[in-house]
Amino acid sequence: MRQLIAAFSLMFLIISATVLASQLNVKFAQLDTNADGQISLLEAKQNDALLKQFTDLDDNNDEVLSEQEFANFKI
Ligand SMILES: [Ca+2]
Ligand SMILES: [Ca+2]
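Criteria and cut-off values
Residues numbered from 1 in each chain as written. Chains lettered and ligands numbered in written order. Predicted model: local features only at pLDDT ≥ 70, side-chain atom pairs only at ≥ 80, totals over all residues. Helix = DSSP H or I, 4+ residues; strand = E, 2+ residues; numbered from the N terminus. Buried ≥ 20, exposed ≤ 12 C-beta atoms within 10 Å, placed from the backbone. Contact = placed C-beta atoms within 7 Å. Core = buried A, V, L, I, M, F, W, Y, C linked by C-beta atoms within 7 Å.

Within an unreviewed UniProt entry, the label attached to the chain reads EF-hand domain-containing protein, and the organism entered is Pseudoalteromonas haloplanktis.

Okay, structure coming up:
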């Protein structure tokens, strides 16, 4: 019984992580209007909160956000 509960908890964790990741992907894809896998400053202007955090998020200062850099974006 305990194993069953553990298995269910694990499954739940995996599902929530997947849902979370897909929501993030949708957001990234929505903002990345030219679909080059990066969010430019121009694309970031679609979202006020993102624009404000843009320079903080851009770890390597190349003036575009990679998907990895975008993952640190807090709404
Ligand atoms: Ca882009
Ligand atoms: Ca960058």
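Structure shown, so let's carry the discussion forward.
Engineer: What is the right way to read the overall build of the chain from this model?
Structural biologist: When its secondary structure is counted, the chain shows four helices and two strands. Listing every helix and strand of the chain by position from the N terminus yields α-β-α-α-β-α. Within the chain, the fraction of its 75 residues that count as buried is 11%. Put simply, 31% of the contacts in the chain that link residues at least 6 apart link residues at least 24 apart.

Engineer: Would you mind showing me how to read the nonpolar core here?
Structural biologist: In terms of nonpolar packing, the biggest core is built from eight residues, these being Ile39, Ala44, Leu50, Phe54, Val64, Leu65, Phe70 and Phe73. When residues no more than four places from it in sequence are discounted, the contact partners of Leu65 are Gln38, Ile39, Ala44, Leu57, Asp58 and Phe70.

Engineer: Could you clarify how one ought to interpret unusual backbone geometry in this entry?
Structural biologist: Peptide bonds are, in most cases, trans, and in most cases residues other than glycine have a negative phi. Even without a glycine there, the phi angle at Ala35 is positive, about 50°. Inspection of the secondary structure puts Ala35 in the loop between α1 (2-31) and β1 (38-40). A positive phi angle, close to 65°, is found at Glu63, a residue other than glycine.

Engineer: Got a minute to help me understand the environment of Thr33 in this structure?
Structural biologist: Relative to the helices and strands, Thr33 resides in the loop between α1 and β1. Judged by C-beta crowding, with 12 C-beta atoms within 10 Å, Thr33 ranks as exposed. It is 9.9 Å that separates the C-alpha atoms of Thr33 and Gln46, two residues lying 13 residues apart in sequence.

Engineer: Help me understand the environment of Gln46 in this model?
Structural biologist: Topologically, Gln46 is positioned in the loop between α2 (41-44) and α3 (48-57). On the basis of neighbour count, Gln46 is assigned to the exposed category, with 12 C-beta atoms found within 10 Å. Through-space distance from the C-alpha of Gln46 to that of Asp32 is 9.9 Å; in sequence the pair is 14 residues apart.

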